[in-house]
Amino acid sequence: MPVNGRSHIRIARPSRDLAAAERFWVEGLGLGVVWRAEGGPEPGEHDLLMLGWPDAGWHLELVHEQGRPVEPRPTEEDLLVVYVDGPVPDDLVARLETHGGKRVPSPNPYWNEWGVTVEDPDGYRLVLCSRGWSNA
């Protein structure tokens with residue numbers, strides 16, 4: 001099968017604390033747990049948490065290796081943007097903050113005008129954009 005627009009995408013990131021990340025992404029944003037696996041303490045073994053929506057063409061993979069943890073090193077431009085196609089619900093932002101998120105200003109004025117930026121517990125940024133998007 002060729003790589004094309006129907007190819008599934010996995011966004012993989014290290015995490016300091018999978019339980020805190022799960023609270024943010026599941027209880028806060030509303031993603032579901034697609035897969036979970038527990039590793040051991042040996043190098044190369046890792047705990048894995050995959051999150052997404054059942055009908056999405058992507059999922060988020062969070063990994064923590066107990067024996068050799070990788071420290072997340074997000075920049076302010078490492079963004080996961082969700083196009084809401086309407087006003088960003090205040091209760092959604094409040095839920096994200098309640099579950100470990102921190103609302104932050106974006107260095108890019110576009111995201112401040114058209115969305116809300118929230119850092120997850122590992123410092124990666126989620127932008128909820130009030131605009132819609134289509135690649136078509």
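Residues numbered from 1 in each chain as written. Predicted model: local features only at pLDDT ≥ 70, side-chain atom pairs only at ≥ 80, totals over all residues. Heavy atoms only, no water.

Attention now goes to the sheet that holds strand S1 (residues 9-14). The sheet built from 4 strands is open, its strands ordered S1-S4-S3-S2 with mixed pairing. Each edge of the open sheet is held by one strand with a lone partner, namely S1 and strand S2 (32-37). The mean inter-strand angle of the sheet, taken between neighbouring strand axes irrespective of direction, is 20°. The pairing of S1 with strand S4 (residues 58-64) spans 6 bridges and is parallel. If you follow Arg 10 over to S4, its bridge partner there is His 59. (Pairing = 2+ DSSP bridges. Helix = DSSP H or I, 4+ residues; strand = E, 2+ residues; numbered from the N terminus. Axes fitted to C-alpha atoms, helices over the stretch in contact; angles between N-to-C directions.)

Another point: the UniProt feature "domain: VOC" (unreviewed entry) in the protein. UniProt feature "domain: VOC" (unreviewed entry): in the numbering of this structure it lies at residues 5-131. Note that residues 5-131 is 21% helix and 34% strand, and that its end C-alpha atoms are spaced 21 Å apart. (UniProt positions renumbered as here; feature names shortened; annotations may be inferred.)

Taken domain by domain, the protein holds domain 1 (9-65) and domain 2 (79-129). In this structure, domain 1 and domain 2 have C-alpha centres spaced 19 Å apart. With 15 residues of domain 1 at the interface, the matching set in domain 2 holds 17 residues. The contact between domain 1 and domain 2 buries some 1400 Å² in all, and 66% of this surface belongs to carbon and sulfur atoms. Per-residue buried area on domain 1 facing domain 2 is highest for Arg 13, Phe 24 and Leu 29; these three make up 41% of the total on that side. Note that Asp 122 and Arg 16 form a salt bridge whose closest N and O atoms lie 3.5 Å from each other. (Domains from an automatic or database assignment. Contact = heavy atoms within 4.5 Å. Buried area = accessible area lost by both parts, 1.4 Å probe. Salt bridge = Lys/Arg side-chain N within 4 Å of Asp/Glu carboxyl O.)

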